[in-house]
Each structure stands twice: as structure tokens, then as C-alpha cells.
Amino acid sequence: MTSPDPVRDQTDAVLAVIHEVLGSSVVGAYRYGSAVEGGLRPESDLDLFVLAARPTTDGQKRRLIEAISPLSRRRDRPPDWRPVELTVVVAADVRPWRWPPRFDFQYGEWLRAEFDAGRLAPWPPLNPDVAVLLTMVRQRSEPLVGPPAVEVLDPVPRADLVRAMVDEMDTLFADLVPDTRNVLLTLARMWSTVATGEFRSKDAAAEWAAARLPEADGAVLRRARDGYLSGGDEGWGALMPAACATAERLAAEVRALAASG
């Protein structure tokens with residue numbers, strides 16, 4: 001029988017794991033991303049953020065991975081549940097805010113091979129993307145535990161937010177061929193955010209950017225947006241040169257705004 005609210009059910013299940021493993025260390029827990037930005041799309045993750053009072057131990061990392069896997073991995077989770085993206089940040093590492101930012105733990109299905117190989121922390125601890133994540137959580141998130149995010153997280157200065165986005169571009173372009181849709185939509189959201197100071201959903205950011213691009217680039221972005229909304233395969237194939245050109249144009253817009261301050 002299908003649950004009337006699978007998002008709530010899955011969120012509650014992950015929260016139960018967080019409480020069991022991290023206990024009183026949890027300062028706040030927040031749902032953000034598509035779930036609070038107009039609704040989850042066919043391939044959206046369930047995005048959760050935890051602010052903790054102290055770092056996780058290796059034992060806690062292992063327990064989080066083991067307990068979240070059956071709630072997130074496609075072959076194990078209920079059919080109407082989503083992949084889980086969970087990030088844990090230690091409060092003292094981000095308040096007061098300083099560069100470079102760091103996170104303490106992250107769970108995501110793209111890390112599956114690393115986890116299966118026994119690597120508990122397969123990421124650089126200093127990670128510019130934390131600046132983006134914190135800004136998203138402050139701007140629009142649902143408190144699940146603790147006070148609203150704006151009460152426990154300092155704002156990220158615009159210069160650091162823009163710097164983080166520019167720093168992430170090389171990683172994005174490395175994934176352009178295997179993950180074309182997501183890279184294009186992420187670049188569109190970067191441009192929209194740097195230009196306006198507001199995080200939009202990926203589909204809304206694509207429409208914002210498409211309206212400001214030449215027709216050919218706008219068509220590429222709308223193709224990516226439509227695939228995101230439907231969950232279908234855009235079949236980039238012969239369109240990859242056009243997708244690459246649009247990605248370069250979006251990146252140039254972000255870099256130009258970053259250079260202008």
C-alpha cells in the first residue's frame with residue numbers, strides 16, 4: 001500500500017537514524033532543496049542538513065552509512081522513496097563564518113563505491129560547496145529539529161558564495177558528458193543566484209537563464225529543464241556540442257559577474 005506522504009515517511013526514518021546515532025549532538029536538522037522549492041521532481045534527492053555540536057567519530061560515520069543505505073539505495077528502499085543526500089556540519093566550523101568552509105560528514109549515492117570499499121570520509125574536508133549549501137538552507141528550508149536555520153547559521157558573504165561557485169566549475173565540467181542535464185541546470189542556477197542573490201529551483205533557474213540567452217542556448221536549457229520535470233531521457237548524443245557550448249556560455253556569465261564584484 002502506497003503511503004499518502006512518502007516524503008514525510010522517509011524523512012522521519014532518516015531523522016530516527018540521526019537521533020539514534022548523533023543523539024544530543026544535533027543542534028538542528030533541516031529539509032531543503034526540491035522538497036521545499038516547489039516539490040520533488042522525478043529524479044530529485046531528499047536533501048537533509050544537520051548542524052551538530054561536535055564532530056562525528058568513525059564509528060558514528062559507519063553507523064550512519066549502514067543505517068541510511070537501506071533507506072536510500074534503490075534496490076533496498078521503498079519504491080516511492082528517494083536517494084538521500086545528508087550533510088552534517090559542525091557548528092563551530094561555520095559560526096562565526098570563515099573561509100574555507102568544511103563539512104564533517106556526507107551521505108550520497110554517488111559515494112556508494114567509496115562507502116562499499118570501506119572509506120568513511122572520501123571527500124576533502126575543506127569544501128567550497130558548503131558555502132552554497134549553507135546559503136540554500138538559510139534562504140529556504142524546513143526546520144525538522146531545532147530553531148530556524150537563520151538563527152543558528154551565519155550568512156555567507158556574497159564574495160565567498162560567488163567564489164565557491166566559481167571554484168566548483170571545474171568539477172561540474174568534468175561531469176558534463178555523463179550528467180549533462182544536471183550540469184546545465186546547476187550552471188543556470190549559479191548564474192541566476194549570482195545575478196539576483198536568490199536561489200531558484202533548477203527548472204525556474206533554467207527558465208530565468210533561457211530568457212536571457214540566445215535562442216539556441218535557450219532551447220538547450222529548456223530541453224534540460226523538460227527532462228528534469230518529466231524524468232525522461234533527453235538523448236543528448238548528437239546535441240552534445242550544443243550542450244557544451246551552452247555550458248561554456250553559462251560559465252562565462254558567472255565568471256563575468258564574479259569578476260565585476
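Just so it is clear, the structure is predicted and the values come from calculations on it, not from any experiment. (Residues numbered from 1 in each chain as written. Predicted model: local features only at pLDDT ≥ 70, side-chain atom pairs only at ≥ 80, totals over all residues. Heavy atoms only, no water.)

> Outline the overall build of the protein chain, listing residues and values.
Assigned secondary structure in the protein chain consists of eleven helices and five strands. In the protein chain, buried positions account for 50% of the 261 residues. Of the roughly 11700 Å² of accessible surface on the protein chain, a fraction of 52% belongs to carbon and sulfur atoms. Each charge class in the protein chain can be summarised by its mean position, and for the 31 positive and 38 negative side chains these summaries are 2 Å apart. (Helix = DSSP H or I, 4+ residues; strand = E, 2+ residues; numbered from the N terminus. Buried < 20%, exposed > 50% of the residue type's maximum accessible area, 1.4 Å probe, protein only. Areas by Shrake-Rupley, 256 points an atom, 1.4 Å probe, with all protein chains shown as cover. Lys, Arg positive; Asp, Glu negative; His and termini not counted. Charge placed at Lys NZ, Arg CZ, Asp CG, Glu CD.)

> Break down the environment of Ala13 for me, with residues and values.
In this fold, Ala13 is placed in helix α1 (residues 6-22). Put simply, Ala13 and Ala35 are 22 residues apart on the chain and 16 Å apart in space, counted from C-alpha to C-alpha. Not counting residues within four places of it along the chain, the set of residues in contact with Ala13 comprises Leu71 and Trp81. (Contact = heavy atoms within 4.5 Å.)

> Run through the packing of aromatic side chains, naming residues and quoting values.
Two aromatic rings are characterised by how far apart their centres lie and by the angle between their planes. All chains considered together, the criterion is met by five aromatic pairs. Ring centres of Phe105 and Trp123 lie 5.9 Å apart, and the angle between their planes is 85°; on these two criteria the pair is classed as edge-to-face. In this pair, Phe105 is assigned in strand β4 (residues 105-107) and Trp123 in the loop between α4 (112-116) and α5 (129-139), connecting sequence segments 18 residues apart. We classify Phe105 as buried; its relative accessible area is 0%. Residue classification places Trp123 among the buried residues on the basis of a relative accessible area of 12%. Taken together, a centroid distance of 5.6 Å and an interplanar angle of 25° make the contact between Tyr107 and Phe115 stacked. Judged by relative accessible area, Tyr107 falls into the buried class, the value being 0%. In this structure Phe115 comes out as buried when scored by relative accessible area, which is 8%. (Phe/Tyr/Trp six-rings, centres within 6.5 Å; stacked < 30°, edge-to-face > 60°.)

> Quick rundown of the environment of Leu239? Include the residues and the values.
With respect to the helices and strands, the residue Leu239 is situated in the loop between α10 (215-230) and α11 (240-260). C-alpha of Leu239 to C-alpha of Leu184: the two residues are 55 residues apart in sequence and 13 Å apart in space.

> For the nonpolar core, give the residues involved together with the corresponding values.
What tends to happen in soluble globular proteins is that the nonpolar side chains get buried as a cluster. Ranked by internal contacts, the top residues of the largest apolar core, which has 78 residues, are Phe49, Leu86, Leu134, Leu153 and Leu184. A total of eight residues in this core trace back to one element, the largest contributor, which is helix α8 (residues 180-196). Leaving out residues up to four positions away in the same chain, Leu86 has contacts with Ile18, Leu48, Val50, Ile68, Phe105, Gln106 and Tyr107. (Core = buried A, V, L, I, M, F, W, Y, C linked by side-chain atoms within 4.5 Å.)

> Describe the pairing of strand β3 (residues 84-90), naming the residues involved and giving the relevant values.
The buried fraction of β3 amounts to seven of the seven residues, a majority that puts the element mostly inside the structure. In terms of strand pairing, strand β2 (residues 46-52) meets β3 through seven bridges, oriented parallel. Residue pairing in the sheet places Leu46 in a bridge with Val84 of β3. Handedness of the β2-helix α2 (residues 58-72)-β3 crossover: right-handed. In this sheet, β4 lies alongside β3 in antiparallel orientation, the contact comprising three bridges. Considered in β4, the bridge of Val88 is made with Phe105. (Pairing = 2+ DSSP bridges. Right-handed = clockwise from strand over helix to strand, strands pointing away.)

> Please give an account of the environment of Trp123 that cites residues and values.
Between the C-alpha atoms of Trp123 and Gly146, which are 23 residues apart in sequence, the distance is 27 Å. Discounting residues that sit within four places of it in the chain, Trp123 has contacts with Lys61, Phe103, Asp104, Phe105, Gln106, Leu111 and Phe115.

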